[in-house]
Amino acid sequence: MTKTVKTVTDYLEYLTHKGFILGEDATGFIQFGQHYTETTDEIAIIAIELTLKIQKEFDGAFYISLLESFKKEAIQNRKQAFNFVENLNLI
């Protein structure tokens with residue numbers, strides 16, 4: 001991600017600007033997952049980005065699973081998140 005964004009809303013606007021438009025169902029999953037796992041915007045943005053990179057599209061179940069895994073593993077930043085998914089051979 002080249003542009004620094006602070007909120008999930010900003011990140012979704014950034015994606016739209018880049019031509020990647022998520023439907024209402026996707027934004028619903030994003031909001032639900034973030035609240036369900038009590039995740040910060042930073043971690044939610046990382047999970048969205050990784051979901052798109054790994055799945056090549058937005059997969060709500062995969063996104064929520066990532067958030068749950070990040071919470072369980074106490075992932076707190078981008079480097080930890082990328083190391084985690086690399087260790088799982090997802091990227």
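Going by the structure above, here's the rest.
The model shown is predicted, which means the values in this text are computed figures rather than measured ones. (Residues numbered from 1 in each chain as written. Predicted model: local features only at pLDDT ≥ 70, side-chain atom pairs only at ≥ 80, totals over all residues. Heavy atoms only, no water.)

### Brief notes about the overall build of the protein chain
Part 1: What the protein chain contains, in helices and strands, is 5 helices and 0 strands.
Part 2: Secondary structure elements in the protein chain, listed N-terminal to C-terminal, are α-α-α-α-α.
Part 3: Its C-alpha radius of gyration of 12 Å places the protein chain within 12% of the 12 Å reference for a compact globule of 91 residues.
Part 4: Principal-axis analysis of the C-alpha atoms places the extent of the protein chain at approximately 30 × 25 × 25 Å.
Part 5: Each of the 91 residues in the protein chain was classed as buried or not, and the buried ones make up 41%.
Part 6: Long-range contacts, defined as pairs at least 24 residues apart, comprise 59% of the intrachain contacts of the protein chain with a sequence gap of at least 6.
Part 7: Taken as two groups, the 9 positive and 13 negative side-chain charges of the protein chain have centres that lie 9 Å from each other. (Helix = DSSP H or I, 4+ residues; strand = E, 2+ residues; numbered from the N terminus. Rg over C-alpha atoms; globule rule 2.2 N^0.38 Å. Buried < 20%, exposed > 50% of the residue type's maximum accessible area, 1.4 Å probe, protein only. Contact = heavy atoms within 4.5 Å. Lys, Arg positive; Asp, Glu negative; His and termini not counted. Charge placed at Lys NZ, Arg CZ, Asp CG, Glu CD.)

### A closer look at unusual backbone geometry
Part 1: Phi angles above zero are rare outside glycine, and Ala74 is one such case at about 55°.
Part 2: The phi dihedral of Asn89 is positive, around 60°, even though this residue is not glycine.
Part 3: Note on placement: Asn89 falls in the segment after α5 (78-87).
Part 4: What makes Asn89 exposed here is its relative accessible area of 67%.

### So, the packing of helix α1 (residues 8-17) against helix α3 (residues 41-55)
Part 1: Interaxial distance between α1 and α3 falls to 9 Å at its minimum, and their mutual angle equals 30°. One element, α1, and the other, α3, form an angle in the roughly parallel class. Contacts between α1 and α3 involve Val8, Tyr11, Leu12 and Leu15 from the former and Asp41, Ala44, Ile45, Ile48, Glu49 and Leu52 from the latter. (Axes fitted to C-alpha atoms, helices over the stretch in contact; angles between N-to-C directions. Parallel < 35°, antiparallel > 145°, perpendicular 65-115°, else oblique.)

### Observations regarding helix α4 (residues 60-72)
Part 1: Relative to the 18 Å expected for 13 residues at 1.5 Å per residue, α4 spans 18 Å between its end C-alpha atoms, a close match to the ideal helical length.
Part 2: Listing the buried residues of α4 in full gives Gly60, Phe62, Tyr63, Ile64, Leu66, Leu67 and Phe70.
Part 3: Those residues of α4 that are buried are in contact with α2 (24-36), α3 and α5.
Part 4: Its side-chain oxygen placed 3.1 Å from the backbone nitrogen of Ala61, Asp59 serves as the N-cap of α4.
Part 5: Immediately downstream of α4, the backbone of Ala74 shows phi near 55°, a positive value. (Expected span 1.5 Å × (residues − 1). Polar contact = N/O pair within 3.5 Å; in protein donor to acceptor, adjacent residues only side chain to side chain.)

### Digging into the packing of α2 against α4
When two helices pack together, their arrangement is given by the angle between the helix axes and by the axis-to-axis distance.
Part 1: Viewed as axis vectors pointing N to C, α2 and α4 meet at an angle of 20°, and their least axial separation amounts to 10 Å. Taken together, α2 and α4 sit at an angle that is classed as roughly parallel. Regarding α2 and α4, the two cross each other, and that crossing is right-handed. Across from Phe29, Ile30, Phe32, Gly33, Gln34 and Tyr36 in α2, the residues of α4 making contact are Gly60, Ala61, Tyr63, Ile64, Leu67 and Glu68. (Left-handed = near helix turned anticlockwise from the far one by under 90°.)

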